[in-house]
Each structure stands twice: as C-alpha cells, then as structure tokens.
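Observations on chain architecture
One-letter residues, chain by chain:
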Amino acid sequence: MTRVLPDRLHQSRPGRLPRRLAVRTVDADSPALDSIVIRFELGRRALRRVDHTIAAKAARPPELRFEFRRTDRGWSADAVLFDDASGVRRTVDRASDAKWSLDTASDLWHVELPMLRATIELTEAAARVLYAATPLPNALGLQGGRYEVVDLETR
C-alpha cells in the first residue's frame, strides 16, 4: 500500500516562487527497491581504542553500514559495524519500522530514524547520498571527528 499525501505548495525562501511537492511513503508494496546500504568509513585507530576485535592494520578502513531491506511488513534497518580485515560484522542498532518517503518532484528519498537521518538521490543515472547524520560513532565511543559517507548501494 502506497499512501499518497496531497500536493502542497512549499515556500523555500521569501521572495522565491513556491514549488509543488508530491510526497509519498514507500513501503513493502512499492516495487521500486529491495535494499539500500549507506556506508560510513571509520578511523581504524580510533575504533581500536574502544573495540580491540578490530584488526590493527588493513588496506580498507572499518565501516558503519546502514542496511535497509524491504520485508513483507515494510522496511527494516540494521546498523552494522563491519571490518573486513578482522571478520567483524556486528549489529549495533536495529529498526523494524523504517519508512522512506519520496519527493517525486526531485527524486529525493528521505529517512528519519533515531540512528540515522538521510537524504538520497535516486535516478536512473545516479544514486548518491546528499545528506546523512548519525549519532552512532559517538554511541560506539568514538571521540569527535568527521565520518564520511563513502558509498551507497541499491538493489
């Protein structure tokens, strides 16, 4: 079931012409996507200070992955700490009721969860993260710093 919200006018800034937004909630009945994975790179040395199961050296940095899967009841999301070098794959947070909303006028998809807020652009030509913020590096004990989104996978 896809719920269509009524179109409404949106004024982005005073003095600018409003643009029409058409927003719909994408859920299990939508054939658009089966999975979305957003990957953040984490600092190996910083992560080893709080988790000694992470390998000391490796060619690739450890990652924090947000793995969204479409289920028969909607979308589920797992936040997974992943380190290829040490074989670590540990779920650090989970949401069984993730909801993506789509701005059909701009092909921007939005999700807001306690573990992640993100906006992605999905078109036939490209899939990219425009914005992503997460409190999980801090919750894992990583101090300060900036954590970059490195990849977006869709299927």
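All of the points below concern the structure found in this document. Just so it is clear, the structure is predicted and the values come from calculations on it, not from any experiment. Note on numbering: residues in each chain are counted from 1, in written sequence order. In keeping with the model being predicted, local features are shown solely for residues with a pLDDT of at least 70 and side-chain atom pairs are shown and tallied solely at 80 or more, while totals for entire chains, interfaces and linings include all residues. Remark: hydrogens and water are excluded; side-chain values derive from all non-hydrogen atoms of the structure.

1. Describing the overall build of the protein chain
Helix and strand assignments follow DSSP, with helices taken as H or I runs no shorter than four residues and strands as E runs no shorter than two, numbered in order from the N terminus. For the protein chain, the helix and strand inventory stands at two helices and 13 strands. Looking at the protein chain as a whole, 37% of its 155 residues qualify as buried. Contacts are assigned to residue pairs with any non-hydrogen atoms lying within 4.5 Å of each other. Restricting to contacts in the protein chain with at least 6 residues of sequence separation, those with at least 24 account for 49%. What sets the accessible areas is the Shrake-Rupley method with a 1.4 Å probe; for residues, cover comes only from the shown protein chains. Put simply, the protein chain shows about 9,400 Å² of open surface, and 48% of that area lies on carbon and sulfur atoms. Think of it in three bands: with a 1.4 Å probe and only protein chains considered, a residue is buried below 20% of the maximum accessible area for its type, exposed above 50%, and partly exposed in between.

2. Concerning the environment of S96
Along the polypeptide, S96 turns up in strand β8 (residues 88-98). Since its relative accessible area comes to 62%, S96 is described here as exposed. With 21 residues separating them in the primary sequence, S96 and W75 have C-alpha atoms 6.7 Å apart. Those residues in contact with S96 that sit more than four places away from it in its chain are W75 and S76.

3. What about the environment of L47?
As for its placement among the helices and strands, L47 is situated in helix α1 (residues 44-50). Take L47: its relative accessible area is 1%, and that puts it in the buried class. When neighbours within four sequence positions are excluded, L47 is seen to be in contact with L42, I54, P62, L81 and L142.

4. Section: the sheet that holds strand β7 (residues 74-83)
On the basis of which strands lie adjacent, the open sheet formed by five strands has the order β8-β7-β6-β5-β13 and antiparallel pairing. Unpaired on one side and paired on the other, β8 and β13 (149-154) mark the two borders of the sheet. Neighbour to neighbour, the strand axes of the sheet diverge by 15° on average, direction disregarded. The pairing of strand β5 (residues 35-41) with β13 spans five bridges and is antiparallel. Counterpart to I38 in the pairing with β13 is L152. A pair of strands is considered paired only if DSSP assigns at least 2 bridges between the two. Axes here mean lines fitted to C-alpha atoms, for a helix over just the part in contact, with angles spanning 0 to 180 degrees between N-to-C directions.

5. Some words on the nonpolar core
We define a nonpolar core as any set of buried Ala, Val, Leu, Ile, Met, Phe, Trp, Tyr and Cys residues linked to one another through side-chain atoms lying within 4.5 Å. One finds I36, I38, F66, F68, W100, M115 and L116 to be the most contacted residues of the largest nonpolar core, which totals 30 residues. Those elements giving two or more residues to this core turn out to be β5, β6 (63-71), β7, β8, β9 (100-103), β10 (108-112) and β11 (117-122). Take this core: its biggest share by element is four residues, from β7.

6. Here's the deal with the pairing of β9
With four bridges joining them, β9 and β10 adopt antiparallel strand pairing. Residue pairing across strands places D103 opposite L108, the latter belonging to β10.

7. Observations concerning empty space enclosed by the protein
Cavities and pockets are defined on a 1 Å grid built over the protein atoms alone: a cavity is a set of grid points where a 1.4 Å probe fits but cannot escape, while a pocket is an open set with protein on both sides within 12 Å along at least five of seven lines, and lining residues are those with an atom within 4 Å of any such point. Grid points are joined across faces, edges and corners, and a volume is the space filled by probe spheres set on the points. Applying the stated criterion across every chain, the model contains one cavity of 30 Å³ or more. If you add up the space inside the largest cavity, you get close to 30 Å³. Secondary-structure elements contributing two or more residues to the lining of the largest cavity are β6 and β7. A class-by-class count of the residues in the lining of the largest cavity yields two nonpolar, no polar and five charged. For this classification, Asp, Glu, Lys and Arg are treated as charged, while Ala, Val, Leu, Ile, Met, Phe, Trp, Tyr, Cys and Pro are nonpolar and the rest, including Gly, are polar.

8. Notes on the side chain of R65
Along the chain, the position of R65 falls in strand β6. Side-chain polar atoms of R65 contact the side chain of E63, separated by 2.7 Å. Here a polar contact is recorded for every N or O atom pair within 3.5 Å, except that within protein the pair must consist of a potential hydrogen donor and a potential acceptor, and residues adjacent in sequence are included only if both atoms are side-chain atoms.

9. Things to note about the packing of aromatic side chains
Ring pairs shown here join Phe, Tyr and Trp side chains whose ring centres sit within 6.5 Å, with only the six-membered ring taken for Trp; geometry is labelled stacked below 30 degrees between planes, edge-to-face above 60, and tilted in between. Counting across every chain of the model gives two aromatic pairs. When the ring of F40 is compared with that of F66, the centres are 5.8 Å apart and the planes differ by 75°; the resulting orientation is edge-to-face. Here F40, found in strand β5, pairs with F66, found in strand β6; they are 26 residues apart in sequence, far enough to count as distant. This pair shows no difference in class: F40 is buried, exactly as F66 is. With a centroid separation of 5.0 Å and 70° between ring planes, the pair formed by F68 and W100 is classed as edge-to-face.

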